[in-house]
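Listed below are the residues making up each chain.
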There are 2 protein chains.
Amino acid sequence: MVGQVRDQVLHEATRLLARHGFEGTSLQAVADAVGVKKPSVLYHFKSKEDLRQAVLDSLLSRWSEVVPRLLMASTRTGLAKFEAVIGELVGFFADDPDRARILVRELLDRPEQMQEILQRQVRPWVEVVAEYIREGQRTGTVRPDVDPEPYVLHVVSMALFSLATTPAASPLFEGGGRGPVERTVGELVRLAKAALFVDGYVRHQDDKRARQGGAGR
Amino acid sequence: MVGQVRDQVLHEATRLLARHGFEGTSLQAVADAVGVKKPSVLYHFKSKEDLRQAVLDSLLSRWSEVVPRLLMASTRTGLAKFEAVIGELVGFFADDPDRARILVRELLDRPEQMQEILQRQVRPWVEVVAEYIREGQRTGTVRPDVDPEPYVLHVVSMALFSLATTPAASPLFEGGGRGPVERTVGELVRLAKAALFVDGYVRHQDDKRARQGGAGR
DNA sequence: CCTACCGATCGGTAGG
DNA sequence: CCTACCGATCGGTAGG
């Protein structure tokens, strides 16, 4: 199959870069993980920097697959839209925490280059979600003092950071019945929701759902 | 002066480790930054790992100086206590964002070792703040559905991450009158406050302050 | 705190 | 995709 080794290199490089960072990952280590020799890695990616960029591009293109589902959430309103958006966000990093780890590392290692990349790849949908929030402020369901763009970035930060540092942050508290990750994500969603909607709105919606037979999850 | 070079090494190492990470920082680079030769660095710190640990210990001991001020906030109540605690937290990382960068990097590079360190150095005051929150839940000023430990960790995450990635995350939105950092911190405080206190409590307190002549900052 | 030096490993290339 | 090889740099040591 064409590109099979290339895909394996990309996969193992993602894993190693997430765990040990760019400077902490040698091309030899990537080659060993795949089961080829080092020059074969450099046949598929002309330099180590090239491989780094390919890993990042692959990650961002996966995120691009999620975005349309965020935009489709336009048909929903209020709380349902919120839950759709935050579900996609948390799910993306929960599906593979290495995504969160690589993004955090790149943000620290190359802040200037990441500025451009975020501006192109992230800002558009931040603006879309910020516009949802402003719409909610006009209709009165969202708190008027929410500052939409920083709000969105803080919610993303919590998801990104919580999942990137799993399980390092876990032993800072002992779980009840649920595991630490579930408890962390649960509180993240509660926190984001309580800070966004006006008093009584969420409770009102919950009551409505209960009357309708508890369709919400 | 005794230990002057040692202190310079510690200072430059902190700067370089924050910017480039452990694997991305050579002992030669540290020596050059201080203006000594490489073996002199290894005279003060017997290995590169030793230097890393000294940098981390120095950072944590600075945090230990802040903690008593958090505990002293016990005398205050409700909103004033919240503002004292979050002010110390944000101030610590805002004073030197390299602190945030090093903590994030160490969390990614050595999750297991950091677990033990956090358990010893961070968990105690997380528990204290969590107890403040439970107290507020008993007296009815804090929302009953707040999960105290994950709440505290998420607020810490936002402060840590926002300041670690300054200014990389800035161009994701254009500021109003204020700069992006002020806007980010302002929304962080608003978000944390709105997600913590029960409906009406904050507004009630603000009204009281206004009547008393606007003493709040 | 310095000079001189060590073996190991780094990213990358030539050539097949 | 491999063998063989390159100069540069790595963390660390001996000895003063």
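Residues numbered from 1 in each chain as written. Chains lettered and ligands numbered in written order. Predicted model: local features only at pLDDT ≥ 70, side-chain atom pairs only at ≥ 80, totals over all residues. Heavy atoms only, no water.

Q: Which residues make up the relation of the copies chain B and chain A, and what values go with them?
A: Taken together, a rotation about one axis and a shift along it account for how the two chain copies relate. Mapping chain B onto chain A calls for a rotation angle of 180° and an axial translation of 0.0 Å; the resulting RMSD is 0.0 Å. What the rotation and shift describe, once combined, is the action of a two-fold rotation axis. Ranked by how close their C-alpha atoms come to the rotation axis, the residues of chain B are headed by Ala195(B), at 2.4 Å. When the interface residues of chain B are mapped onto chain A, 100% of them again lie at the interface, so the same face is used by both copies. (Least-squares fit on C-alpha atoms with pLDDT ≥ 70 in both. Contact = heavy atoms within 4.5 Å.)

Q: I'd like a description of the pattern of salt bridges, backed by residues and values.
A: Taken as a whole, this structure holds 38 salt bridges over all chains when the rule is applied. The salt bridge partner of Arg138(B) is Glu131(B), with a shortest N-O separation of 3.4 Å. For Arg138(B), a relative accessible area of 60% puts it in the exposed group. Relative accessible area serves as the criterion here: at 36%, Glu131(B) is assigned to the partly exposed category. It is possible to trace a salt-bridge network through shared partners that takes in Glu49(A), Arg52(A), Glu106(A), Asp109(A), Arg110(A) and Arg105(B). (Salt bridge = Lys/Arg side-chain N within 4 Å of Asp/Glu carboxyl O. Buried < 20%, exposed > 50% of the residue type's maximum accessible area, 1.4 Å probe, protein only.)

Q: Kindly report on the packing of helix H7 (residues 111-121) of chain A against helix H8 (residues 123-139) of chain A, identifying the contributing residues and their values.
A: All names here are of chain A. Relative to each other, H7 and H8 sit at 50°, their axes nearing to 4 Å. Between H7 and H8, the angle falls in the class oblique. The segment H7 lies against H8, with Leu118, Gln119, Arg120 and Gln121 engaging Arg123, Pro124 and Trp125. Residues that form the contact of H7 with H8 fall into these classes: three nonpolar, two polar and two charged. (Axes fitted to C-alpha atoms, helices over the stretch in contact; angles between N-to-C directions. Helix = DSSP H or I, 4+ residues; strand = E, 2+ residues; numbered from the N terminus. Parallel < 35°, antiparallel > 145°, perpendicular 65-115°, else oblique. Nonpolar A, V, L, I, M, F, W, Y, C, P; charged D, E, K, R; others polar.)

Q: So, the protein's contact with DNA strand C: which residues are in play, and what are the values?
A: Around DNA strand C sit 16 residues in total, of which Lys38(A), Lys48(A), Lys37(B), Ser40(B) and His44(B) are the nearest. The sugar-phosphate backbone supplies 56% of the atoms of DNA strand C found within 4 Å of the protein. One of the backbone nitrogen or oxygen atoms of Lys48(A) is found 2.6 Å away from a phosphate oxygen of DNA strand C. Backbone polar atom of Lys37(B) to a phosphate oxygen of DNA strand C: 2.9 Å apart, as the coordinates give it. Counting residues per element, the ones that place at least two in the surface near DNA strand C are helix H2 (27-34) and helix H3 (38-44) of chain A together with helix H3 (38-44) of chain B. For the surface near DNA strand C, the element with the most residues is H3(B), which contributes four residues. Of the residues contributing to the surface near DNA strand C, the split by class is seven nonpolar, six polar and three charged. (Near = heavy atom within 4 Å. Polar contact = N/O pair within 3.5 Å; in protein donor to acceptor, adjacent residues only side chain to side chain.)

Q: Tell me about the packing of aromatic side chains, and please be specific about residues and values.
A: Two measures describe an aromatic ring pair: the distance that separates the ring centres and the angle between the ring planes. Counted under the stated rule, the structure contains eleven aromatic pairs over all chains. Arranged with centres 4.9 Å apart and planes meeting at 70°, the rings of Trp63(A) and Phe92(A) form a pair that is edge-to-face. Taken together, the residues span a long stretch of sequence, with Trp63(A) in helix H4 (residues 48-72) and Phe92(A) in helix H5 (residues 78-95) at a distance of 29 residues. No difference in accessibility class separates Trp63(A) from Phe92(A), as the two residues are buried. Ring geometry for Trp63(B) versus Trp125(B): centroids 5.2 Å apart, planes at 55°, classification tilted. Residue Trp63(B) is located in helix H4 (residues 48-72), and its partner Trp125(B) is located in helix H8 (residues 123-139); the two are separated by 62 residues in the primary sequence. Of the two residues examined, Trp63(B) and Trp125(B), each falls in the buried class. (Phe/Tyr/Trp six-rings, centres within 6.5 Å; stacked < 30°, edge-to-face > 60°.)

Q: How would you summarise the interface of chain B and chain A if you had to cite specific residues and measurements?
A: Every contact between the two is made by 51 residues of chain B and, on the other side, 51 residues of chain A. Carbon and sulfur atoms supply 63% of the area that chain B and chain A bury against each other, a total of about 4,700 Å² over both sides. A per-residue breakdown of the area chain B buries against chain A is headed by Leu108(B), His154(B) and Leu172(B), which together make up 16% of the total. Remark: the boundary between chain B and chain A carries eight salt bridges. Here Arg183(A) makes a salt bridge to Asp147(B), at a shortest N to O gap of 2.7 Å. Taken together, chain B and chain A are joined by 15 residue pairs in polar contact (both at pLDDT 80 or more). Contributing elements (two or more residues each) for the side of chain B that touches chain A: helix H6 (97-109), helix H7 (111-121), H8, helix H9 (148-164) and helix H10 (180-196) of chain B. A per-element tally of the side of chain B that touches chain A places H9(B) first, with eleven residues. Looking at the side of chain B that touches chain A residue by residue, the classes come out as 24 nonpolar, nine polar and 18 charged. (Buried area = accessible area lost by both parts, 1.4 Å probe.)

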